[in-house]
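A look at the structure
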Amino acid sequence: MRKVQFYGAISIDGYLATKDNRLDWLFQTSGADEAPTKTFMQQVDTAIMGRHTYEYTMEQTTDQLINPFNPDTQSIVMTSAPHPGDDHTQFTNAAVTELVQGLRQKAGQNIWIVGGAGILMPLLEANLIDEMFIQIAPVILGSGIPLFTTINHQQRFELVATNQYGQLAEVHYRKQRGEKGK
């Protein structure tokens, strides 16, 4: 079965972006180029993200690819106003949990969860996240868009690894064996 993996970065105080969706604080942190992003990205063929993450990524990239290390990656953008996409991008207002449950049953590589709480938290609530790779930048934003919000039950992960890439600390967690939904 395909793994569902969150891979992203946060500030020390748990924000993934400023209130106006900026990531300059992250790009000003040395070490991102040392992280094994390419290896991770080569193992995914589906990326699920919110509209804000998609729009920001398209603004920032010159090649217009969510995953330049696997150009065949299918991007699924969660939005309240779906519209026609293209060969590599689908826009949908389907429930993210149902979407992921269906994708897990299909053949393919791992599924990358990109972006924030609007996508991540329903999947955590449904116990559908298998692994999390969280890079922590040494900055306190004070406010912004949080990665995590309230969840209705405790969920335990096990620490797989901690790594340092320049000024970034990365923690890799895996859903504990025996947790439902696996």
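Let us look at the structure shown here. All figures in this text were calculated on a predicted structure; none of them were measured in a lab.

Among all positions in helix α4 (residues 96–105), only Val96, Leu99, Val100, Leu103 and Arg104 are buried. Taken down its axis, α4 places every buried residue within 130° of arc, on the same side. Away from the buried face of α4 by more than 90 degrees, exposed residues Glu98 and Gln105 are located. Turning to α4, the residues buried within the fold contact β1 (4–11), β3 (44–50), β4 (74–78), β6 (110–113) and α5 (117–125).

What follows is about the pattern of salt bridges. Tallied over the entire structure, the rule returns eight salt bridges. For the salt bridge of glutamate 158 with arginine 174, the shortest nitrogen-to-oxygen distance reads 3.0 Å. Of this pair, glutamate 158 sits in strand β9 (residues 157–165) while arginine 174 sits in strand β10 (residues 168–175); the two residues are 16 residues apart in sequence, bridging distant segments of the chain. Judged by relative accessible area, which is 24%, glutamate 158 ranks as partly exposed. We classify arginine 174 as partly exposed; its relative accessible area is 26%.

So, on to unusual backbone geometry. Located in the positive-phi region is asparagine 21, a residue other than glycine, with phi close to 65°. Within the secondary structure layout, asparagine 21 lies in the loop between β2 (15–17) and α1 (24–27). Unlike most non-glycine residues, asparagine 127 shows phi in positive territory, near 60°. Relative to the assigned elements, asparagine 127 resides in the loop between α5 and β7 (131–137). Classification of asparagine 127 as buried rests on a relative accessible area of 2%.

Glancing now at the packing of aromatic side chains. If you walk through the whole model with that rule in mind, you get five aromatic pairs. Geometrically, the ring pair formed by phenylalanine 40 and tryptophan 112 is edge-to-face, given 6.3 Å between the ring centres and 80° between the ring planes. Taken together, the residues phenylalanine 40 in helix α2 (residues 37–42) and tryptophan 112 in strand β6 connect sequence positions 72 residues apart. Neither residue differs from the other here; phenylalanine 40 and tryptophan 112 are each classed as buried. Plain terms: the ring middles of tyrosine 54 and phenylalanine 91 are 5.3 Å apart, the flat faces sit at 90° to each other, and that makes the pair edge-to-face. Here tyrosine 54 is found in helix α3 (residues 51–60), whereas its partner phenylalanine 91 is found in strand β5 (residues 89–92), with 37 residues between them in sequence. In this structure, tyrosine 54 and phenylalanine 91 share a single accessibility class: buried.

Parameters at a glance
Residues numbered from 1 in each chain as written. Predicted model: local features only at pLDDT ≥ 70, side-chain atom pairs only at ≥ 80, totals over all residues. Heavy atoms only, no water. Buried < 20%, exposed > 50% of the residue type's maximum accessible area, 1.4 Å probe, protein only. Helix = DSSP H or I, 4+ residues; strand = E, 2+ residues; numbered from the N terminus. Arc of directions from axis to C-beta. Contact = heavy atoms within 4.5 Å. Salt bridge = Lys/Arg side-chain N within 4 Å of Asp/Glu carboxyl O. Phe/Tyr/Trp six-rings, centres within 6.5 Å; stacked < 30°, edge-to-face > 60°.

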